[in-house]
Amino acid sequence: MKIATALANSNIAIIKYWGNSNDELIIPSNNSISFTMDDKLQTKTTVILDEEFTIDELWINDQKATAKETERVASIIELVRIKAKSKLKAKIFSENSFPKGAGLASSASSFAALSGATCKAYSLGLNKKELSKIARMGSGSASRSIFGGAVEWIKGIRKDGEDCYAQEIAPKEKFKELRNIVAILERKEKKIGSREGMKITTSTSKNFENRLIEVEKRLKIAREAILDFDFEKLAPVIMEDSDSMHKVMKESNPSLIYMNDISHKIRKEIIELNKSSEKYLGAYTFDAGPNAHIYTLSKNTSKIKSILNEIEGVQEIIECGIGDGIRFSDSHLM
Ligand code: PMV
């Protein structure tokens, strides 16, 4: 029997990934940048290999996973199995530190932890760059959760995706003051998953190519603002990129609407707050779901939270700092 356990945290992009140039190899149409969250949004995954096992099996938070969930995970296991030239089947146990069905995307932390634990169990001695390439096949954003701090996922130029990987821009220590205030608005799973949604947008949105041009400018500003850690410079770019992604989602056919009325209300409140303060106190960003993520500095968290608390429909508020990339543990789940 072989056993390995990995821990990985969620990440929230400030320059978003939405669309692939190659859907099979998961090569994104643009680079993306995120911050890895602290251990409040974490997945722990144990992978066990044994000659007795005849199929790959998966448990999430102590429950047997659905066939669809198992299939997606098994495809990553198979990828690693081929690389390791092994025939062993796996049992996988995965747990999230955040409440299941909180409407928080767990795919980034899940596939990052899965990739790490699987590679270790099959004794593939991969470095983080190579691990990020495996993680991206499970979920694109998972490639970024391999690293801590500020992370960029690079699309590369090769057709085979071999130069498409994530790398750290700056370590978490640089962002001791940075917070992400998460407002949970809805606990349901999204209707159209991101992989499917991206395909719809790249093939039908008339502004998708424009977005790619604008993203290049925002990436440059974001990298500079991260290296100098300049929140005033970073905040407008974060909001612009979220708006730009939701615009191309909305004009897709069928139209992809992930934000709800409460999301829009929060967006407006943050714009007004920044206007009346004459500086950027908060920067909103929304993924493929209604929940709001407000990046802010520690000195402004109580202001942001009190605004969110006033908004009807905000079910829960979680405050995250910036955290670590993948780690391994000897305390296994089973
Ligand atoms: O990693 P995926 O395939 O679940 O896609 C993530 C897409 C967004 O969360 C909307 C943006 C991002 O860059 O994380």
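Residues numbered from 1 in each chain as written. Predicted model: local features only at pLDDT ≥ 70, side-chain atom pairs only at ≥ 80, totals over all residues. Heavy atoms only, no water.

Its domain assignment divides the chain into domain 1 (2–172) and domain 2 (178–320). Taken together, the 36 residues of domain 1 in the interface contact 42 residues of domain 2. For the pair domain 1 and domain 2, the summed buried surface comes to about 3,100 Å²; carbon and sulfur atoms form 68% of the total. By the criterion of area lost to domain 2, the three top residues of domain 1 are Ile14, Lys16 and Trp18, representing 28% of everything that side buries. Counting every contact that joins domain 1 to domain 2 gives two salt bridges. Every element with two or more residues in the side of domain 1 that touches domain 2 is listed here: strand 2 (11–15), strand 5 (32–36), helix 3 (128–138), strand 10 (150–154) and strand 11 (165–170). A total of four residues in the side of domain 1 that touches domain 2 trace back to one element, the largest contributor, which is strand 2. Class assignment for the residues of the side of domain 1 that touches domain 2 results in 17 nonpolar, 11 polar and eight charged. (Domains from an automatic or database assignment. Contact = heavy atoms within 4.5 Å. Buried area = accessible area lost by both parts, 1.4 Å probe. Salt bridge = Lys/Arg side-chain N within 4 Å of Asp/Glu carboxyl O. Helix = DSSP H or I, 4+ residues; strand = E, 2+ residues; numbered from the N terminus. Nonpolar A, V, L, I, M, F, W, Y, C, P; charged D, E, K, R; others polar.)

On to the pattern of salt bridges, then. Within the structure shown, the criterion is met by 22 salt bridges. Residue Arg327 is joined to Asp39 by a salt bridge in which the shortest nitrogen-to-oxygen separation is 3.4 Å. In this pair, Arg327 sits in strand 16 (residues 327–329) while Asp39 sits in the loop between strand 5 and strand 6 (42–50), placing the two residues 288 residues apart along the sequence. Note that Glu130 is salt-bridged to Lys133, the shortest N-O span being 3.3 Å. With a gap of three residues between them, Glu130 and Lys133 both fall in helix 3, about one helical turn apart. A residue is classified by how much of its surface remains accessible, and Glu130, at 26% relative accessible area, is partly exposed. A network of salt bridges, in which partner residues are shared, links Arg211, Glu214, Arg218, Glu240 and Asp241. (Buried < 20%, exposed > 50% of the residue type's maximum accessible area, 1.4 Å probe, protein only.)

Attention shifts here to the sheet that holds strand 12 (residues 178–184). What holds strands together in a sheet is hydrogen bonding between their backbones, with the strands either parallel or antiparallel. The four strands are arranged 13-14-12-15 in an open sheet whose pairing can be described as antiparallel. The open sheet has two edge strands, strand 13 (282–286) and strand 15 (316–320), and neither has a second partner. When the angles between neighbouring strand axes are averaged without regard to direction, this sheet yields 25 degrees. Where strand 13 and strand 14 (residues 292–297) come together, five bridges link them in antiparallel fashion. Within strand 14, the position partnered with Gly282 by the bridge is Thr296. Sheet contacts for helix 6 (residues 231–250): strand 12, strand 13 and strand 14; angle to strand 13, the most-contacted strand, approximately 25 degrees. The sheet strands contacting helix 8 (residues 301–310) are strand 12, strand 13, strand 14 and strand 15, and the helix crosses strand 12 at an angle near 10 degrees. (Pairing = 2+ DSSP bridges. Axes fitted to C-alpha atoms, helices over the stretch in contact; angles between N-to-C directions.)

What follows is about the packing of helix 7 (residues 261–277) against helix 8. Interaxial distance between helix 7 and helix 8 falls to 11 Å at its minimum, and their mutual angle equals 140 degrees. Judged by the angle between their axes, helix 7 and helix 8 are oblique. Once helix 7 is placed against helix 8, the crossing between them reads as right-handed. Residues Ile266, Glu269, Ile270 and Leu273 of helix 7 lie in contact with helix 8, whose contacting residues are Lys303, Ile304, Ile307 and Leu308. Of the residues in the contact of helix 7 with helix 8, the class split is six nonpolar, no polar and two charged. (Parallel < 35°, antiparallel > 145°, perpendicular 65-115°, else oblique. Left-handed = near helix turned anticlockwise from the far one by under 90°.)

Moving on: the layout of surface pockets. Put simply, the second largest pocket is a space of about 260 Å³. Taken together, Leu25, Leu79, Lys83, Leu126, Glu130, Lys133, Ile134, Arg136, Met137, Asp160, Gly161 and Glu162 form the lining of the second largest pocket. Of all elements in the fold, only helix 1 (67–84) and helix 3 reach the threshold of two or more residues within the lining of the second largest pocket. The element that contributes the greatest number of residues to the lining of the second largest pocket is helix 3, accounting for five residues. Class assignment for the residues of the lining of the second largest pocket results in five nonpolar, one polar and six charged. (1 Å grid on protein atoms, 1.4 Å probe; cavity = no way out; pocket = protein on both sides within 12 Å on 5 of 7 lines; lining within 4 Å. Points joined across faces, edges and corners; volume = space filled by probe spheres on them.)

With that settled, consider the sheet that holds strand 9 (residues 89–96). Pairing within the open sheet is mixed, and its six strands lie in the order 8-7-9-6-1-16. Of all strands in the sheet, those with a lone pairing partner are strand 8 (63–64) and strand 16, marking the two edges. In the sheet, strand 1 (residues 2–9) pairs with strand 6 via eight bridges, with the strands oriented antiparallel. When the sheet's bridge partners are listed, Leu7 is paired in strand 6 with Lys44. Each of strand 1, strand 6, strand 9 and strand 16 is contacted by helix 2 (residues 107–121), which is oriented at about 155 degrees to strand 1, the strand it contacts most.

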